[in-house]
Amino acid sequence: MIARLGLSALLVVIAAVALVPIALTFTNSLMTEREIGANYGLLGEMTDVAAGGRDLFINLKLLPDWLTLSQYGQVLIFNPAFLRMFWNSAGMVLPIVAGQTAVASLSAYAFARLRFRGRDKLFLVYLMTMLMPFQVTLVPNYIMIDKLGLLNKEASIILPGIFGAFGVFMLRQFMLHIPGTYTEAAKIDGAGHGTIFARVVLPLVMPGVASLTVLLFVDYWNMVEQPLIFLQDTFKQPLSLYLAHINRTARGIGFAASVLYMTPMILLYLYAESYFVQGIQLSGIKG
Amino acid sequence: MSRRLRGLWRGGDGAAALLFLAPGAAGFALFYLFPFAMGLWYSLTDRTIGGRFVGLANYEALLASGSFRKAAANTLLFTGVSVPILISLSLGLALLLSRPLFLRRWLQTAFVLPLVVPVASVVAIWQIFLDWNGSLNAWLHGLGYGRIDWLQSDWAMPTLVAMYVWKNVGYDMILFLAGLLSIPQSYYETARIEGAGRLRQLTHITLVYLTPTTVFVILISIINSFKVFRETYLLTGDYPYDRIYMLQHYMNNMFFSLDIQKLTSAAALMVGCIVILAGSLLATEKRFRSWME
């Protein structure tokens, strides 16, 4: 009992430390611009050389002296670029998540439940591609997207996203775990593969679809490399790139913008957490 | 119809497989497979458009380049160090959380949350901690030590490792928890009856039966180790401190300076390494499975 209590307490402390960056972003978003300036004004300054003040440091503030929503007001009302880029992000991420989930569930069904020649080799190709960082196919991908006339268009991010291999890999794991007897029974009743897929397999892998949705959302909401290369037009870029810029130029509203940026992800995760965890556990992680 | 196609047709579900695979495979070929093959070809020619075959000349030039060697060494070091650290920490957490603890669900949520927070959202906080005038240095000063330029010194690599672990430990932990759940309790009971201690149960049952999970977690962790580029880029831009200048920086910069030959050969070398690594991991897993049966 004592050991259990001690261990729990220790883990609570570690977890609390892990949450500090998130909590700080939130509390700092409620500070006035002035308080932020007063505390963090020294960031990025080389005090040693500049002020001759060797002992000058920023002042880490955990809680605001004065609660205010003014940063949020600034971001949402006086900063049209923010909302624009928020919708840019959403406009790219939603089609990717929906598209990859749909396309991948079909492919995963073929890899997990159908027998055909070269299946395992083809799957290995998918798997290997999934492991490659974005830069590996950068040049030809760029040429391809240029040839398709998609450069500087959202589709240059969305289309490759839809056909990503991660969804195929993950949903296949889930489908491998559906007992053969389920699909056999449907087959005996005269169902074709289309029916078996839609009526038997898909409903059973819903936890997998939920986990995949969360992971894809998180990953693409967070993308940096693709828009950096394919979207030169700043007004088409997603929030991830814009936020880095805002943090450099207007630290105050940066915090509010950061909170607004992470909130959809956190809410989605908290909402889907039980499916997410259950989904990953159901998959049993079998190759 | 060719014999091969007919064979595919008769091989059970060939026709259905074609239908199910077609949409995904078409896009996959267009955006991944074909570009990948083109990249390999570019790496063997002297120009991207209308190039001439030059054999391995690009590779020689690449290997002679100091910045490539630096980037490759850094990437290798980062992945080689951070993945084992991440995996042991997340396995440790999973082992702790698989026991009856207070607030278990809350703890689990807390450890996973960093994964879902976008990098750009917490970059400002990392700056507050890591800046020359930042909080970590203020605390060091309070303890009587000198300042450390966290991202512009040899501390840059450990700093990145810490951020990587912070972000990914929860996800790996959940994967391990799932793996732990799939080990039948009866194995442990038998072991206890035969007088096996805790350590022996851990090494002879838990770690052994976690092998497939571990292979999976290693693969996912390697993918995620490449994504540290996001943190580095948002914190330090195109040219970070030498020690954290990764292959992704190198390839991005080669792209912007239009040095396509170096980029594609660097990519090909990287692919070679990943294929060898993943291949040996999957072979290990396969051996484990055949041994299980």
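For every chain, the first residue of its written sequence is number 1, and the numbers climb from 1 along that sequence. Lettering for chains starts from A, numbering for ligands starts from 1, and both go in the order in which the items are written. Residues qualify for local features only when their pLDDT is at least 70, as the model is predicted, and side-chain atom pairs are given and counted only at 80 or more; totals for whole chains, interfaces and linings, by contrast, use all residues. Calculation of side-chain values draws on the structure's entire complement of heavy atoms; hydrogens and water are dropped beforehand.

**Student:** With reference to specific residues and values, describe the UniProt feature "domain: ABC transmembrane type-1" (unreviewed entry) in chain B.
**Tutor:** UniProt positions are given in the numbering used here, feature names are shortened, and annotations may be inferred rather than shown by experiment. UniProt's feature table lists "domain: ABC transmembrane type-1" (unreviewed entry) at residues 72-282 of chain B, given in the numbering used throughout. Runs of H or I in DSSP of at least four residues are treated as helices and runs of E of at least two as strands, each being numbered from the N terminus. A distance of 24 Å separates the end C-alpha atoms of residues 72-282 of chain B, which is 78% helix and 0% strand.

**Student:** Which residues make up the UniProt feature "transmembrane region" (unreviewed entry) in chain B, and what values go with them?
**Tutor:** The positions UniProt marks with the feature "transmembrane region" (unreviewed entry) are residues 12-34, 76-97, 109-129, 164-183, 204-226 and 263-283 of chain B. Secondary structure over residues 164-183 of chain B splits into 90% helix and 0% strand, and the C-alpha atoms at its two ends are 29 Å apart.

**Student:** Please give an account of the packing of aromatic side chains that cites residues and values.
**Tutor:** Whether two aromatic rings pair depends on their centres lying within 6.5 Å, for rings of Phe, Tyr and Trp, where Trp uses its six-membered ring; planes under 30 degrees apart make the pair stacked, over 60 edge-to-face, and the rest tilted. One pass over the structure, following the stated rule, counts 32 aromatic pairs over all chains. Each ring, one from Y109 of chain A and one from F20 of chain B, has its centre 4.6 Å from the other, and the planes form 40°; the classification is tilted. Taken as a pair, Y109 of chain A in helix α4 (residues 80-113) and F20 of chain B in helix α2 (residues 14-42) lie in two separate chains rather than in one. Relative accessibility decides the category of a residue: with a 1.4 Å probe and only protein chains considered, values under 20% of the type maximum give buried, values over 50% give exposed, and everything between is partly exposed. For F20 of chain B, a relative accessible area of 8% translates into the label buried. Each member of the aromatic cluster is reached from another via a ring pair, and the members are F111, F116, F123, Y126 and F169 of chain A together with F28, Y32 and F216 of chain B.

**Student:** Report on the side chain of T79 of chain B, specifying residues and quantitative values.
**Tutor:** All names here are of chain B. Along the polypeptide, T79 turns up in helix α4 (residues 66-97). Polar side-chain contacts of T79 include one of 3.3 Å to the side chain of S225. Note on contacts: a residue pair is in contact if any heavy atoms of the two residues lie within 4.5 Å. T79 has contacts with P84, I222, S225 and F226, leaving out every residue within four places of it along the chain. In protein, a polar contact requires one atom able to donate a hydrogen and another able to accept it; more generally it is a pair of N or O atoms within 3.5 Å, and residues adjacent in sequence count only if both atoms are side-chain atoms.

**Student:** Can you break down the pattern of salt bridges residue by residue, with the values?
**Tutor:** Salt bridge criterion: a side-chain nitrogen from Lys or Arg within 4 Å of a carboxyl oxygen from Asp or Glu. Counted under the stated rule, the structure contains 11 salt bridges over all chains. Of the charged contacts, one joins K61 of chain A and D65 of chain A as a salt bridge, the two residues approaching to 3.1 Å between their closest N and O atoms. Given the relative accessible area of 15%, K61 of chain A is considered buried. On the basis of relative accessibility, which here comes to 59%, the residue D65 of chain A falls in the exposed class. Through salt bridges with shared partners, a single network forms among D219 and E225 of chain A together with K227 and R230 of chain B.

**Student:** Residue-level account of the interface of chain B and chain A, with values.
**Tutor:** Buried accessible area, meaning the area lost when the parts come together, often serves as the stated size of an interface. At the interface, 106 residues of chain B touch 109 residues of chain A. When two components associate, each loses some accessible surface as probed by a 1.4 Å sphere; the sum of these losses over both components is called the buried area. Between chain B and chain A the total buried area reaches about 9500 Å² when both faces are included, carbon and sulfur atoms providing 75% of it. Among the residues chain B hides against chain A, the three largest losses belong to F20, F31 and F102 of chain B. Together they make up 9% of the total. R230 of chain B is the salt-bridge partner of D219 of chain A, the closest N and O atoms lying 3.2 Å from each other. Linking chain B to chain A there are 17 residue pairs in polar contact (both at pLDDT 80 or more). Looking at the side of chain B that touches chain A, the element that brings in the most residues is α2 of chain B, giving 20 residues. Looking at the side of chain B that touches chain A residue by residue, the class counts come to 72 nonpolar, 23 polar and 11 charged. Classification used: nonpolar for Ala, Val, Leu, Ile, Met, Phe, Trp, Tyr, Cys and Pro, charged for Asp, Glu, Lys and Arg, polar for all others including Gly.

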